[in-house]
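Examination of the molecular architecture
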Amino acid sequence: MRYIFALILLLCQLVNPCLAFDIKGRLDLKLRNVSNHDIMRTQFKIYRINDDSNDIYSLSTRLESAAGEFTFRDVPIDTGLNQTTYFALHSSSLEFNLKPNRILIEVIGSGADAEPTVKAYENKFGREYFPSPDILFPETLKPVELDAEGRITITVMNKQPIRRYIIVRNPGILSSGPIASILNSRLKLAGVITVIMMFVFPFLLEKLDPETAKAVRQQKFEKANAKYLTKDKK
C-alpha cells in the first residue's frame, strides 16, 4: 500500500510539477525583540499573481517568535525548470510603519528534485502586481536582501511616528478636570499647599512641641486682651 501511494505522488508530479514551498520572513525592530502585543497587531499576507486559474491564491500569517520570524507554509509553486511563480507580500501593523510594506516575491523553479530560488523586490502602493513578464520594458525594482536563512527582512521606518489608535476617553481626575488643572499649574499648586499648611501647622505644632504651641496661644491671648484694654481706656 505504501509503494502504491508513493507511485501516485510520483505520477502527480510528472503531470503537474507543483510543490508546496515555505516562504520565510523576519521583522526586525532593531532596538528590541518582538513582544506579544506586537504579534497580535502585526499581520502578513501574500497573493499569488500572474496565475492562470480563476481562483486567486492568498495566505495570511503572523509573527511566530520574539526574533520576529514568520513563515508562509505549504505555498504552491511551479517546480519546473526556470518556471517562475510570483507572489505579492503585504505587511500591515497597527503599531509600526513597516518598510517595505509591498514586496514582490519571485520563486524560480530548479526542477522537481532541486530547491527553488527565491528573490524579493521592493514594490510600491498601486504596483502590487507589477512587473509582469508580459511587459517588454518592466520597471526596475530594488532587490530586498535575504538573510543567511533565506528570510525576507522587513524593518521599521525611523522617520515615521509609531501609530497609536487607542485613546483613553476617561483618563481620570488626575489627568483632566479641576484637580488636574491645579496639579498642572505651579502657582495653583503652591497656593493650595499654603492654605493646607495654614490649617495643618497648628495641629502639627501641638503634637511636636506642646510648650511652644502653648506659648503661641498665650501670646495670641495677650494680644487680644491688649486690644480690649486699649479700647476701654479710650
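Summarised in this report is the structure supplied together with it. (Residues numbered from 1 in each chain as written. Predicted model: local features only at pLDDT ≥ 70, side-chain atom pairs only at ≥ 80, totals over all residues. Heavy atoms only, no water.)

Here we look at the overall build of the chain
Heads up, the rule is: Per the convention used, a helix needs a DSSP run of H or I reaching at least four residues, while a strand needs a run of E reaching at least two, with both numbered from the N terminus. Three exposure classes are used, based on accessible area relative to the maximum for each residue type with a 1.4 Å probe and protein chains only: buried under 20%, partly exposed in between, and exposed over 50%. Whether two residues touch is decided by their heavy atoms; if any such pair falls within 4.5 Å, the residues are in contact. A 1.4 Å probe and the Shrake-Rupley method give the accessible areas. Residues count as covered only by the protein chains that appear here.
Helix and strand counts for the chain come out as 5 helices and 9 strands. When the helices and strands of the chain are placed in sequence order, the string is α-β-α-β-β-β-β-β-β-β-β-α-α-α. Considering the chain as a whole, with its 234 residues, one finds that 28% of them fall into the buried category. Counting contacts in the chain only where the partners sit at least 6 residues apart, residues at least 24 apart contribute 57% of the total. When the accessible surface of the chain is split by element, carbon and sulfur atoms take 59% of a total near 17,300 Å².

Thoughts on the side chain of Arg 151
Stated formally: A 3.5 Å cut-off defines polar contacts: any pair of N or O atoms within that distance qualifies, except that in protein one atom must be a possible hydrogen donor and the other a possible acceptor, and neighbouring residues in sequence count only when both atoms are side-chain atoms.
The topology assignment puts Arg 151 in the loop between β8 (117–122) and β9 (152–156). In this structure the side chain of Arg 151 is engaged in a polar contact, spanning 3.1 Å, whose partner is the backbone oxygen of Gly 25. Not counting residues up to four positions away in its chain, the partners in contact with Arg 151 are Lys 24, Gly 25, Arg 26, Glu 69, Phe 70, Thr 71, Glu 145 and Leu 146.

Focus on the environment of Ile 46
Note on placement: Ile 46 falls in strand β2 (residues 42–49). Looking at Ile 46, the relative accessible area reads 0%, which means it is buried. Counting along the chain gives 13 residues from Ile 46 to Leu 59, while the straight-line C-alpha distance between them is 5.5 Å. Each residue touching Ile 46, except ones within four places of it in the same chain, is listed here: Ile 23, Tyr 57, Ser 58, Leu 59, Phe 72, Val 75, Phe 87, Ala 88 and Leu 89.

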